[in-house]
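As a plain string of letters, each chain reads:
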Amino acid sequence: MDRAVGEDAAPLAQPSNGTGASVGSRHAAAVVRGEAELLAVALPFLDAGLRAGDVVALTCPPEVAALLCDELGERAGQVRIDRGLSLLGARAPDALARARRTAEQAPSGQLRVLSLIDFGPFPAGWREGLRFESASNRVVQDVPIDALCVYDRRRLPAAVVEAAAATHPFLVHGGAWAPSPGYRDPADYLPELPWRREPLEDTAPVLALDDAPSLVVLRHEIGAALAARVPDRDQREDLHLAAAEVAANAFRHGVRPVSARMWTDGVRLVCAVTDSGHSFGDPLAGFRPAHGTDLGRGGMGLWLARKLWDSVDLIPGPEGLTVRLSTRLNPA
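This is a predicted model, so every value here is computed, not measured.

Caption draft 1: Geometry of the overall build of the chain. A tally of regular secondary structure across the chain gives 9 helices and 12 strands. Looking at the chain as a whole, 54% of its 332 residues are labelled buried. Considering only contacts within the chain whose residues lie at least 6 apart along the sequence, 72% involve residues at least 24 apart. For the chain, the accessible surface area stands at approximately 14400 Å², while carbon and sulfur atoms represent 53% of it.

Here it is, written out as structure tokens:
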């Protein structure tokens, strides 16, 4: 898919401290095993923020937030519990925007976030989580955020734990922050994430449209397929809105022919739109609107897709670029 200049683009400005994070933000990972190691890492981090007058927030599963609050005692009342600051409670663009807003509202000018990582049980979720962790190093690099992401080996697959060093500019050992020797710039790391085939793609598609004659036809066919297979009306409308915008990108900025495929098993749904362009290569596309808060200027296609579908993959191939959207279906 070719793109006009500025379409869903996010600048990849080089950081000023040589570690992949700007002066305004610090993003670290700590690998632990079990509650004792979690507390040993988390409590000093939270204590330092409370003493400094920072806005201190937890974005953790409920049982972990309860554990940490019990340990903090009376000071727990000064801590925000906000799952919307991570993929636990929001999709990537919304979590990043919420972090920015929260930091801007901090009286001390500093936000301190402790996150317990949980990307869910499926490889698509792991890939989306790694993408979020990496992209955040650029999208909020100018925001005063100290973010400590805790990776518990008991909860996470080994591949996700091992990736922490590549997606975080800092690692925490024994309470000390140090540059991560394995850190990868998002511009290099994101394009190299493996494009694993979704299992549903090996089943018979419920929509197969090659060389769509027009955008109107493609939007109609996608809408009809969703109407027949997505029971929740609100979700159906959201999915159609985002898929239609992706289809519009293919026609407006890509190269024909444009094709589409859709698969579902009643639990998950995958929609893929392919055009024949080969020049698109912005790994941060869609993590924020292309033109900032001026939504009237367009450039919202991939941003809407990341907001409304669980996972968005941009997959280059010999036939062009495929935008693959996947999500869990809500019950009726």
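Caption draft 2: The arrangement of the sheet that holds strand β4 (residues 111–116) in detail. Judged by pairing direction, the sheet is mixed, and its 7 strands sit side by side in the order β3-β2-β4-β5-β1-β6-β7 without closing on themselves. Looking at which strands have only one partner, the edges of the open sheet turn out to be β3 (79–81) and β7 (176–179). Sheet twist, expressed as the average angle between the axes of neighbouring strands with direction ignored, equals 25°. With 6 bridges connecting them, β4 and strand β5 (residues 145–152) associate as parallel partners. Each residue of the ladder has a partner; that of serine 115, found in β5, is cysteine 149.

Caption draft 3: Main features of the side chain of threonine 327. Residue position: threonine 327 is located in strand β12 (residues 320–328). Separated by 3.1 Å, the side chains of threonine 327 and aspartate 310 make a polar contact. Leaving out residues up to four positions away in the same chain, threonine 327 has contacts with Arg91, Gln235, Leu239, Val267, Arg268, Leu269, Trp309 and Asp310.

Caption draft 4: Seen up close, the pattern of salt bridges. Considering all chains together, one arrives at 25 salt bridges under this definition. For aspartate 142, the salt bridge goes to arginine 100, with nearest N and O atoms at 3.0 Å. With aspartate 142 in the loop between α4 (123–139) and β5 and arginine 100 in helix α3 (residues 92–104), this pair connects stretches of sequence that are 42 residues apart. With a shortest N-O distance of 2.8 Å, aspartate 313 and arginine 324 are connected by a salt bridge.

Caption draft 5: Geometry of the confidence of the model for the chain. Put simply, the chain has an average pLDDT of 89, and 89% of its residues get 70 or more. Ignoring residues within four places in sequence, the model shows residues 1–23, a span with pLDDT below 50, making 78 contacts including any to other chains.

Caption draft 6: Up close: the layout of surface pockets. Empty space within the largest pocket amounts to approximately 490 Å³. For the lining of the largest pocket, a count of residues per class yields 9 nonpolar, 5 polar and 7 charged. Taken as a whole, the second largest pocket holds about 350 Å³ of empty space. Lining the second largest pocket are 19 residues, with Glu201, Ala272, Thr274, Glu319 and Thr322 sitting closest to its centre. Within the residue set of the lining of the second largest pocket, elements represented by two or more residues are β9 (259–264), β10 (268–275), β11 (311–317) and β12.

Caption draft 7: Expanded view of empty space enclosed by the protein. Taken as a whole and judged by the stated rule, the model has 1 cavity of 30 Å³ or more. Approximately 330 Å³ is the volume attributed to the largest cavity. By residue class, the composition of the lining of the largest cavity is 17 nonpolar, 7 polar and 3 charged.

Definitions and cut-offs
- Residues numbered from 1 in each chain as written.
- Predicted model: local features only at pLDDT ≥ 70, side-chain atom pairs only at ≥ 80, totals over all residues.
- Heavy atoms only, no water.
- Helix = DSSP H or I, 4+ residues; strand = E, 2+ residues; numbered from the N terminus.
- Buried < 20%, exposed > 50% of the residue type's maximum accessible area, 1.4 Å probe, protein only.
- Contact = heavy atoms within 4.5 Å.
- Areas by Shrake-Rupley, 256 points an atom, 1.4 Å probe, with all protein chains shown as cover.
- Pairing = 2+ DSSP bridges.
- Axes fitted to C-alpha atoms, helices over the stretch in contact; angles between N-to-C directions.
- Polar contact = N/O pair within 3.5 Å; in protein donor to acceptor, adjacent residues only side chain to side chain.
- Salt bridge = Lys/Arg side-chain N within 4 Å of Asp/Glu carboxyl O.
- pLDDT = per-residue confidence, 0-100.
- 1 Å grid on protein atoms, 1.4 Å probe; cavity = no way out; pocket = protein on both sides within 12 Å on 5 of 7 lines; lining within 4 Å.
- Points joined across faces, edges and corners; volume = space filled by probe spheres on them.
- Nonpolar A, V, L, I, M, F, W, Y, C, P; charged D, E, K, R; others polar.

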